[in-house]
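# Summary of structural features
Given next are the chains, with one letter for each unit.
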Amino acid sequence: MRLLYAVLLCVTLLLSCGCATVVRTMPPKNLTAAHQLTVFTDGFHSGIVVDKSSLPEIIDPQTGDEPATWPQQTLHFGEVKWTSGADNSMWHAIGLGIVPGEGVVQSDHTRNGLVDVPGLDFGKIKMWNFPVNQAGIDALMLDLKTTWMSGLVMPREPGTPSTLYPSPIRWSLYHNCHDFTVDMLRSAGLDLHTRWLYLAGGLTADLDEAQREMAKAGITVI
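## Observations concerning the side chain of D179
- Within the element layout of this structure, D179 appears in helix 7 (residues 177-188).
- Buried and unpaired, D179 has no salt bridge, with R186 as the nearest side chain of opposite charge at 7.6 Å.
- Setting aside residues up to four positions removed in sequence, D179 forms contacts with W148, L173, Y174 and Y198.

Take a look at the structure:
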């Protein structure tokens, strides 16, 4: 799939946002920070990290083991065969460029940041921190459960960190992990402009610019 994204890089250069600003609607000033939302990318994949204390409810039905006691949780989106490891072949990746696949939301219990998240390129990790108010976290969870999760779950094995939740949204190049990340941010209060095709480079550029725009406007909480 990395090869597929590399092939599409030249297309991405033609599909940049082209907007005067990255943040479509600036958050209001003087919001009260209740939690912190962290966005990550490893140059290929992206998602968010939240403290479990930020979540209004438990979303992992598997409890009672060590990972369930870890303080943080990730949320990110992928295609079920690729994400589960059932098919990581080049042919499957190429096929997904033509025919969308079944989408899943992956959530990982983690002790510190991304340390327990499988499959990331830790040498290329970049992270952004966004203080968020309570209404933003509540709206994010509502969007997650009503838009991105079907209500079903693929339970994780006890002692392992990752749970998969089938999604009503099919994974495609135009509804990929970065679109999920941007949608989570938008529901939390950071209203970014949308690109026609989001890859990791575009997400990185937009988040860097969003932080600059917020700092210039004196906005510290979304």
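Moving on from the coordinates now.
## Re the side chain of D183
- Looking at the element boundaries, D183 is found in helix 7.
- Apart from the residues within four sequence positions on either side, D183 is in contact with D143 and W148.

## Observations regarding the packing of aromatic side chains
- Under the defined criterion, the tally for this structure stands at four aromatic pairs.
- Between W148 and F180, the aromatic rings sit 5.0 Å apart at their centres with planes inclined by 90°, giving edge-to-face as the arrangement. With W148 in helix 6 (residues 134-148) and F180 in helix 7, this pair connects stretches of sequence that are 32 residues apart.
- For W148, a relative accessible area of 3% translates into the label buried.

Parameters and conventions
Residues numbered from 1 in each chain as written. Predicted model: local features only at pLDDT ≥ 70, side-chain atom pairs only at ≥ 80, totals over all residues. Heavy atoms only, no water. Helix = DSSP H or I, 4+ residues; strand = E, 2+ residues; numbered from the N terminus. Buried < 20%, exposed > 50% of the residue type's maximum accessible area, 1.4 Å probe, protein only. Lys, Arg positive; Asp, Glu negative; His and termini not counted. Salt bridge = Lys/Arg side-chain N within 4 Å of Asp/Glu carboxyl O. Contact = heavy atoms within 4.5 Å. Phe/Tyr/Trp six-rings, centres within 6.5 Å; stacked < 30°, edge-to-face > 60°.

None of the figures reported here should be taken as evidence of function without further support.
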